[in-house]
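So the chains spell out like this:
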Amino acid sequence: MSSVRQNPWRICVYHGVQSLMFPSAIFPLFWTQDIGMSVATMMAVQGAFSLSIALFEFPSGYVADRLGHRRALVIASFCILAGWVLYALARGLWSVLLAELVLGVGFSLVSGADSALLFDSLRELGKEHEFARWYGRMRTIAQIASGSAALAAGFLYARWSRLPFAMEAAAWALAAGIALRFGETRRAEPKVEDHLGRMRAIVRDALLERADFRAVLLLGVVLALASYLPTWLMALYATEAGAPVAWIGPMWAVASFTTALGSMLSERAGRRLGMTGTLLVCVVLVAAGYLGLALSRHVLGVAFYFLLTLVRGLHMPLLHHEEQRLAPDGDRASCVSLRSFLFRLAFVLLGPVVGMGVDRYGHRPVLWASGALLVALTCAAFGLFVARAAGRDEARAPEC
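Rules of the game
Residues numbered from 1 in each chain as written. Predicted model: local features only at pLDDT ≥ 70, side-chain atom pairs only at ≥ 80, totals over all residues. Heavy atoms only, no water. Helix = DSSP H or I, 4+ residues; strand = E, 2+ residues; numbered from the N terminus. Buried < 20%, exposed > 50% of the residue type's maximum accessible area, 1.4 Å probe, protein only. Contact = heavy atoms within 4.5 Å. Areas by Shrake-Rupley, 256 points an atom, 1.4 Å probe, with all protein chains shown as cover. Lys, Arg positive; Asp, Glu negative; His and termini not counted. Charge placed at Lys NZ, Arg CZ, Asp CG, Glu CD. Salt bridge = Lys/Arg side-chain N within 4 Å of Asp/Glu carboxyl O. Axes fitted to C-alpha atoms, helices over the stretch in contact; angles between N-to-C directions. Parallel < 35°, antiparallel > 145°, perpendicular 65-115°, else oblique. Left-handed = near helix turned anticlockwise from the far one by under 90°. Nonpolar A, V, L, I, M, F, W, Y, C, P; charged D, E, K, R; others polar. Patch = residues over 30% accessible without salt bridge, like charges linked within 9 Å, V, L, I, M, F, W, Y side chains within 5 Å.

Peer 1: Mind showing me how you'd approach the overall build of the protein chain here?
Peer 2: From N to C terminus, the protein chain includes 15 helices and zero strands. With the C-alpha coordinates aligned to their principal axes, the bounding extent of the protein chain is approximately 55 × 45 × 35 Å. Burial analysis of the protein chain (400 residues in total) assigns 60% to the buried set. Considering only contacts within the protein chain whose residues lie at least 6 apart along the sequence, 86% involve residues at least 24 apart. About 15,900 Å² of surface is accessible on the protein chain, with carbon and sulfur atoms providing 65% of the total. Averaging the locations of the 36 positively and 27 negatively charged side chains of the protein chain gives two centres separated by 4 Å.

Peer 1: Where do I start with the environment of alanine 241 in this structure?
Peer 2: Relative to the elements of secondary structure, alanine 241 occurs in the loop between α11 (234-240) and α12 (248-295). Taking the C-alpha atoms as reference points, alanine 241 and aspartate 212, 29 residues apart in sequence, are found 43 Å from one another. Leave out the neighbours within four places in its chain, and alanine 241 touches His298 and Val299.

Peer 1: Help me out: how do you make sense of the side chain of aspartate 114 in this one?
Peer 2: Summarising the element assignment, aspartate 114 is placed in helix α6 (residues 113-124). Salt bridges are absent for the buried aspartate 114, whose nearest opposite-charge side chain, arginine 139, sits at 7.4 Å. Look past the residues within four positions of aspartate 114 in its chain and what remains in contact with it is Ile11, His15 and Leu73.

Peer 1: Any chance you could explain the pattern of salt bridges here in plain terms?
Peer 2: Inspection of the entire model under this criterion finds seven salt bridges. The salt bridge partner of aspartate 120 is arginine 123, with a shortest N-O separation of 3.6 Å. Pair noted here: aspartate 120 and arginine 123 are both in helix α6, with a separation of three residues, about one helical turn. Linking arginine 271 and glutamate 267 is a salt bridge whose minimum nitrogen-to-oxygen distance equals 3.7 Å. Here the residue arginine 271 and the residue glutamate 267 both occupy positions in helix α12, the gap between them amounting to four residues, near one helical turn. Taking relative accessible area as the criterion, arginine 271 reaches 51% and is therefore assigned exposed.

Peer 1: Whenever I open this one, the packing of α6 against helix α13 (residues 303-326) confuses me. Can you help?
Peer 2: Two packed helices can be described by the angle between their axes and the distance between those axes. The N-to-C vectors of α6 and α13 enclose an angle of 70°; their axes lie 11 Å apart at closest approach. Relative to α13, the element α6 is oriented roughly perpendicular. Relative to α13, the crossing made by α6 is right-handed. Here α6 contributes Ser115, Ala116 and Phe119 to the contact with α13, which in turn contributes His321, Gln324 and Arg325. Residues belonging to the contact of α6 with α13 are distributed by class as follows: two nonpolar, three polar and one charged.

Peer 1: Looking at this structure, I do not really get a nonpolar patch on the surface. What am I missing?
Peer 2: Together, Leu55, Phe56, Leu98 and Leu101 make up a nonpolar patch on the protein surface, roughly 370 Å² of accessible area in all. Listed by contribution, the elements that provide at least two residues to the nonpolar patch are α3 (39-67) and α5 (93-110). As for its placement among the helices and strands, leucine 55 is situated in helix α3.

Peer 1: Could you clarify how one ought to interpret the environment of tyrosine 135 in this entry?
Peer 2: Along the chain, tyrosine 135 falls in helix α7 (residues 131-159). Taking the C-alpha atoms as reference, tyrosine 135 lies 33 Å from tryptophan 31; in sequence the two are 104 residues apart. Beyond its immediate sequence surroundings of up to four residues, tyrosine 135 is in contact with Ser115, Leu118, Met316, Pro317 and His320.

The following block contains the structure:
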């Protein structure tokens, strides 16, 4: 088994390879043109994907804590590889749903395990304080990889509509090979006789008994939801505004690169503005992004979407470091997966409604309504964070 010393860089490379999401930029085109979905069906499929992840999210994080984070990532990688092979062979709605279900199981097992392995590896090396920096690097590499894949997506799709999925399967074969090279950390694993009781205790502790942890989790959920929800609308939003289909790949790439930029700036912004100041900037950017998208009638209105992707990169390293710091040692992946579960559940509830609204009323009225809702939720979560989590002293970024 490989040394833990190499884990931080290997986790970054693993995250980069898994983010070579060749199909992402062309999903709306593939679903509507090759599979024959409406926008409402498309959003319902994404809701089903989120539901499949949500159903397995928290249990899989708990399983990862019990199995070991390295072993969980190996199993997840092979599961996701199988999901992309199924997608490459999909011919209709039900085969797409099967592929989404398999992918949901795999991605839910990755969720929490990778960042928990990174945190435990750094702590074992005496470098726990560097987590935000390494997480920022991990996210930056991932978004650069995602953007680069998006640049190639249109070309691959034009050559053969299944080629992006075949390329994705190849990427996950490489990711599985990297996961096999991870070193497992030394962890004190508590003896658990009642697993359901333990899981209930984790949820109760995180959401009911610890106000500081609850505030961090909820703010992470609403910021992620606000920056993620428009993702599946932008390709159709842009083409409806007059953008040629050839722009979709580069547009997706710019979105990924702005997320990478946010990840690169996150640690520095946290040092200069404090955690509270940086997160306040995120709240303002969310409001500006939705307002601009709803008001614009020109193709350049897509630029306001990039404010939301910047938020996605800016908030994650700081809030995730807080999550890792506050989570119990033996249940770190479980706690991170709990936050992901809440995010997926929120998308399951909101995503299909947004899709039906777009089919019936168009993009801009729906962006007005969903933007107003998400800005209100973001402000409320930020207020809770300031009052409960950051109120201990002055909220500040982790030391670097």
